[in-house]
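Chains, contacts and geometry: an overview
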Amino acid sequence: MGIISPVGNRLDVAWSNVLEGVSGITQIEDFDTSTFPTRIAGLVKDFNVDTYLSKKDQRKNDPFIHYGVAATMDAIADSGLEITEDNGRTIGIGMGSGIGGIKSIEDNHNKMLAGGVRKISPFFIPGSIINMTSGQASILQHITGPNISIVTACATSSHCIGLSARSIEHGDADVMLAGGSEFATTPLAMGGFCSARAMTTRNDDPKGASRPYDIDRDGFVLSNGAGCVVLEELEHAKARGARIYAEVIGFGMSGDAYHTTLPPADGEGARKCMVAALRDARIDAADIDYLNAHGTSTRAGDIGETNGIKRAFGDAAKTLIVSSTKSTTGHLLGAAGAAEAIFCALSIRDQVIPPTINLENQDPECDLDYTANVARDAKVCTTISNSFGFGGTNGSIILQAFE
């Protein structure tokens, strides 16, 4: 697994900060935000792109590709997988993004306005399109198996993981690198989300701004980063003595067919998605020990997901342990599902539930056990992670301890 995030750029650092409830939200300093309603975000810090890409490749590619390639290469290193010319054809990659190269789009548009069409970089298009994280990583690592990118807003990397797992089941590859990346803290993207009134305006309290399920929540916090997991066919992994964090046993998808940006209040799309994942895993709701929620800190989203969980889990919802790690990381959009799948795998490894921080006054309409503020030791064998996106697209992944 590999992660680049506001709470750390290594698995151990990111996981430690999430468990300790360390927020990664800070003031934006890359551009003047004085006229913006929201002036905070989850920014990646101390990232050394030189470790992953040459200066030439850095200039050619948008930062979301920098992050995605870094997470992919770190995941390969963590897995101990050796990619050769012989086995490269049995290895594939599925890395997506919710928005893609919006920084490159803005920068090149500004160059064109200032100096004309000749000022547009010849690398603009290939350096900003969403499939180029998969493309660049495959070139750098000589991966010649399936090469795909799924774009489903904030469900992107969960869908990339789930569908990549199915590619392995179908025999398309022995190994798939799967996840997503995002760099959307740009003036245009921030302005767009501000205009939609989707983000928090708690600018004077960045660390307390992402507060899922709290009665005083007022919107999500936009974040940058990337996450990648190495998925491997079981016998292939065992044959090379791979360390196995967890097994993907279930994946579900659904559509709300309701609204462009809002979920239905009863959480019907979320319910269908979780039920589909449980059916795919051939387990009961009561078998889930921990649910990593989409939990973005929006009023409608938190309530809709809560209602969907209660309807999907029935009586088991009363004892289900839930948390939203977005309270520490903010919302990584297309990279969120991968980061949260990583946290689920580490929760299984370490037998601990990460907290939902900033939960000071729980919304009565959000009435589940959200692991408020402090991590909790618990038996964690099976987890489910939810990701929901604009357009009503939903994904749920079930991970289980491998024995």
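Provided above is the structure to which this section pertains.
This part is about the packing of helix α6 (residues 156–170) against helix α12 (residues 336–350). Running from N to C, α6 and α12 point in directions that differ by 65°, and their axes come no closer than 5 Å. Contacts between α6 and α12 involve Ser 157, Ser 158 and Ile 161 from the first element and Ala 336, Gly 337, Ala 338 and Ala 341 from the second. For the contact of α6 with α12, a count of residues per class yields four nonpolar, three polar and no charged.

All right, on to the sheet that holds strand β14 (residues 393–400) then. Strand order across the open sheet formed by five strands is β8-β14-β13-β9-β10, with mixed pairing between neighbours. Across the chains shown, the open sheet's two edge strands, defined by having one partner strand only, are β8 (247–255) and β10 (321–323). Between one strand axis and the next, the sheet turns through 20° on average, direction left out of account. Across eight bridges, strand β13 (residues 382–389) lies against β14 in antiparallel orientation.

Bringing the packing of aromatic side chains into the picture now. Per the counting criterion, the structure on display carries eight aromatic pairs. Seen from their ring centres, Phe 47 and Tyr 52 are 5.9 Å apart, and the 10° between their planes marks the pair as stacked. Residue Tyr 52 is classed as buried on the basis of its relative accessible area, which comes to 16%. Aromatic ring contacts, followed pair by pair, group Phe 47, Tyr 52, Tyr 67 and Phe 183 into a single cluster.

Now for the sheet that holds strand β7 (residues 225–232). Here five strands make up an open sheet; going across it, the order is β1-β7-β6-β4-β5 and the pairing mixed. One side of each edge strand has no neighbouring strand; the edge strands of this open sheet are β1 (2–4) and β5 (147–148). Note: strand β4 (residues 91–96) against β5, two bridges, orientation parallel. Within β5, the position partnered with Gly 94 by the bridge is Ile 148. Strands in contact with helix α3 (residues 63–79) are β1, β4, β6 (175–182) and β7; relative to β7, the strand with the most contacts, it is inclined by about 35°. Each of β4, β5 and β6 touches helix α5 (residues 132–141); the most contacted strand, β4, lies at about 145° to it.

Before going further, it helps to examine the side chain of Ser 138. Its place among the elements puts Ser 138 in helix α5. Its relative accessible area of 9% is what places Ser 138 among the buried residues.

Even without a glycine there, the phi angle at Ala 257 is positive, about 50°. Within the fold, Ala 257 resides in the loop between β8 and α9 (268–281). Taking the relative accessible area as the measure of exposure, Ala 257 reaches 83% and is therefore exposed. Of note in the backbone geometry, Thr 371 takes a positive phi value of approximately 50° without being a glycine. As for its position among the elements, Thr 371 is in the loop between β11 (352–353) and β12 (376–377).

What follows deals with the pattern of salt bridges. Taken as a whole and assessed by the stated rule, the structure comprises 23 salt bridges. A salt bridge links Asp 12 to Arg 10, with the nearest nitrogen and oxygen atoms 2.9 Å apart. Beyond isolated ion pairs, a larger network of salt bridges with shared partners links Arg 217, Arg 299, Asp 302, Asp 363 and Glu 365.

Turning our attention to the nonpolar core. One finds Met 1, Ile 3, Ile 161, Leu 231, Ile 342 and Phe 343 to be the most contacted residues of the largest nonpolar core, which totals 38 residues. Elements supplying a minimum of two residues to this core: α1 (11–20), α6, β6, β7, α12, β11 and β14. At 10 residues, α12 tops the list of elements feeding residues into this core. Ignoring any residue separated from it by four or fewer positions in sequence, one finds Met 1 in contact with Leu 11, Asp 74, Ala 75, Asp 78, Cys 228, Val 229, Tyr 245, Ile 342, Ala 345 and Leu 346.

A grouping of Met 112, Leu 113 and Val 117 is seen on the molecular surface, where their side chains present a nonpolar patch of about 300 Å² in accessible area. Structurally, Leu 113 is set in helix α4 (residues 102–115).

Relative to the assigned elements, Asp 46 resides in the loop between β3 (40–42) and α2 (55–60). Along the backbone, Asp 46 and Pro 6 are 40 residues apart, and their C-alpha atoms lie at a distance of 9.8 Å.

It is worth spelling out the pairing of β14 at this point. Both faces of the sheet carry side chains from a regular strand, because those side chains alternate between them. Counting buried positions along β14 gives seven out of eight residues, so the element sits mostly inside the fold. Sheet topology places β8 next to β14; eight bridges connect them, and they run antiparallel. Directly across from Gly 255, in β14, lies its bridge partner Thr 393. Connecting the antiparallel pair β13 and β14 is a turn made up of three residues, with Gly 391 showing a positive phi of about 90°.

Moving on, we get to the environment of Phe 36. The topology assignment puts Phe 36 in the loop between β2 (25–27) and β3. Setting aside its immediate chain neighbours within four residues, Phe 36 contacts Phe 31, Pro 187, Met 190, Gly 191 and Cys 194.

Of all eight residues that make up β6, eight are buried, and the element is covered over most of its length. What you see with β6 is no split at all: Val 175, Leu 177, Gly 179 and Ser 181 on one side and Met 176, Ala 178, Gly 180 and Glu 182 on the other are buried throughout. Bridge count between β4 and β6: six bridges; the pairing is parallel. Pairing of Ile 93 across the sheet is with Leu 177, part of β6. For β6 and β7, the ladder comprises eight bridges, and the chain directions are antiparallel. Bridging from a neighbouring strand, Leu 177 pairs with Val 230 of β7.

About the thresholds
- Residues numbered from 1 in each chain as written.
- Predicted model: local features only at pLDDT ≥ 70, side-chain atom pairs only at ≥ 80, totals over all residues.
- Heavy atoms only, no water.
- Axes fitted to C-alpha atoms, helices over the stretch in contact; angles between N-to-C directions.
- Helix = DSSP H or I, 4+ residues; strand = E, 2+ residues; numbered from the N terminus.
- Contact = heavy atoms within 4.5 Å.
- Nonpolar A, V, L, I, M, F, W, Y, C, P; charged D, E, K, R; others polar.
- Pairing = 2+ DSSP bridges.
- Phe/Tyr/Trp six-rings, centres within 6.5 Å; stacked < 30°, edge-to-face > 60°.
- Buried < 20%, exposed > 50% of the residue type's maximum accessible area, 1.4 Å probe, protein only.
- Salt bridge = Lys/Arg side-chain N within 4 Å of Asp/Glu carboxyl O.
- Core = buried A, V, L, I, M, F, W, Y, C linked by side-chain atoms within 4.5 Å.
- Patch = residues over 30% accessible without salt bridge, like charges linked within 9 Å, V, L, I, M, F, W, Y side chains within 5 Å.
- Areas by Shrake-Rupley, 256 points an atom, 1.4 Å probe, with all protein chains shown as cover.

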